[in-house]
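Results of the structural survey
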Amino acid sequence: MKLRPADFENPYAAYSCELSSELTSPTLLQLGLQHRADGAAAPALAELDRLLRDDAVGHGVPVRVEAASFTDAAGYGNQMRLAYFRSREDHDAWWADPGVSSWWTGVPEDIGAFREVLTSSLDTMETSYSTPEARWGLAQLYPKRLDRHHSYNGAMRDRIAAAEDGGLAARVNGVGRAAGADGTLRSARLVLPEHACFIRTVQGWKDCPPEERDWFTERMWPVYERGVAFLRDNPEESGCLSARLVGLDDPEDSGIEAMTLAWFTSLEALEAWAHDHPTHHAILGEFGKLAEHFQGDVHVALGHEVYVVGAGDAEVEYVRCHPGTGLLPVIDPTSQLGESTLVSQGS
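Attention in this report is confined to the structure presented alongside it. (Residues numbered from 1 in each chain as written. Predicted model: local features only at pLDDT ≥ 70, side-chain atom pairs only at ≥ 80, totals over all residues. Heavy atoms only, no water.)

Let's shift gears to the overall build of the protein. On a plain count of helices and strands, the protein comes out with eight helices and 13 strands. Whereas a compact globule of 347 residues would reach a radius of gyration of roughly 20 Å, the protein reaches 20 Å, a difference of no more than 12%. Dimensions of the protein along its principal axes, counting C-alpha atoms only, are 55 × 50 × 40 Å. Expressed as a percentage of its 347 residues, the buried residues of the protein come to 53%. Considering the protein, the positive charge centre built from 29 side chains and the negative charge centre built from 53 side chains are found 1 Å apart. (Helix = DSSP H or I, 4+ residues; strand = E, 2+ residues; numbered from the N terminus. Rg over C-alpha atoms; globule rule 2.2 N^0.38 Å. Buried < 20%, exposed > 50% of the residue type's maximum accessible area, 1.4 Å probe, protein only. Lys, Arg positive; Asp, Glu negative; His and termini not counted. Charge placed at Lys NZ, Arg CZ, Asp CG, Glu CD.)

Our next topic: the pattern of salt bridges. Overall, the coordinates contain 19 salt bridges when judged by the stated rule. As a salt-bridge pair, Arg-88 and Asp-92 come within 3.3 Å of each other at their nearest N and O atoms. Taken as a pair, Arg-88 and Asp-92 lie in helix H2 (residues 88-95) at a separation of four residues, close to a single helical turn. With relative accessibility at 18%, the residue Arg-88 sits in the buried group. With its nearest N and O atoms 2.8 Å apart, the salt bridge here joins Asp-233 to Arg-232. By relative accessible area, which is 35% here, Asp-233 ends up partly exposed. Where salt bridges share partners, they join Arg-115, Arg-189, Glu-315 and Glu-317 into one cluster. (Salt bridge = Lys/Arg side-chain N within 4 Å of Asp/Glu carboxyl O.)

This next bit is on the pairing of strand S8 (residues 186-191). Along S8, the buried face is formed by Arg-186, Ala-188 and Leu-190; none of Ser-187, Arg-189 and Val-191, which line the opposite face, is buried. In the sheet, S8 pairs with strand S13 (residues 314-321) via five bridges, with the strands oriented antiparallel. The residue bridging Leu-190 from the neighbouring strand is Val-316, located in S13. (Pairing = 2+ DSSP bridges.)

Here we take up unusual backbone geometry. Even without being a glycine, Asp-165 presents a positive backbone phi close to 55°. Structurally, the position occupied by Asp-165 is in the loop between helix H4 (155-158) and S8. Residue Asp-165 is classed as exposed on the basis of its relative accessible area of 64%. Backbone geometry places Leu-168, a non-glycine residue, at a positive phi of 60°.

Function-wise, these values are silent; they only describe arrangement.
Okay, here's the thing in structure tokens:
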């Protein structure tokens, strides 16, 4: 059963992708290089960009690639590529290519590297956009349709077919934070638990009229940044395993400036923050003020993709990365590479 109240009227329009059955097992790969010195990762990044093109490998190549970069809380520069594959088989064929394997193992010793890969299915994922003109991620590849399941508690679950009636229940109830991180570079590999959840959200304001752009950047954006910081720094309370706020390097002009990439223990943990936490209420409140001030004529681009994974369908790996990177703060530092586990809550 859907959770949408029978008498509910959507306060604004929202849209979702009409995803094709050719997406037999949609797979998203995030690859990153981490460095201290400006330009240090440029040669390795250029080779990665070559390998992500179909004229370099020729089999299993991604159907879309986007670039992102950010400086993290520890002061490291991070260069990322987000690659979308139609299937896990395509991803695995690309990852097994000798050139790709050599690139991964050949990243220079003074540069950290990380990869985070997930596979979902059409009934365990959803998309949502503030405009039918969205042109990032899957929205660049597929048409959009008006979707009435939005802007009420439970709307995200209503958009995920397998999540109806309490489906996709959490397999991990709590997670702790590794104690005593001393700044030593770490390597770790972790297979995430079944029903772990990943969300990619985007924010774009460059196409807004000047007054709306100033309102968004000066009033709403700081509130949003505080919400992401809470998720990043409080895994015990939020169930958020990792949250990155990154800039989109956008040669195709998708209208997006920034995005958040976040892992949660489950869809329930993401819902709990979205429905109940003061930091998310503050974000919604500021957006409501913006919409009211501009009388609904809002141009800021917002949207997200949400994926819930099956058993063994999501994996992260970090090589020579600082201990605040990605999921490293919640991975048991005593684990052996290839046998990593999450830190238990309270440990």
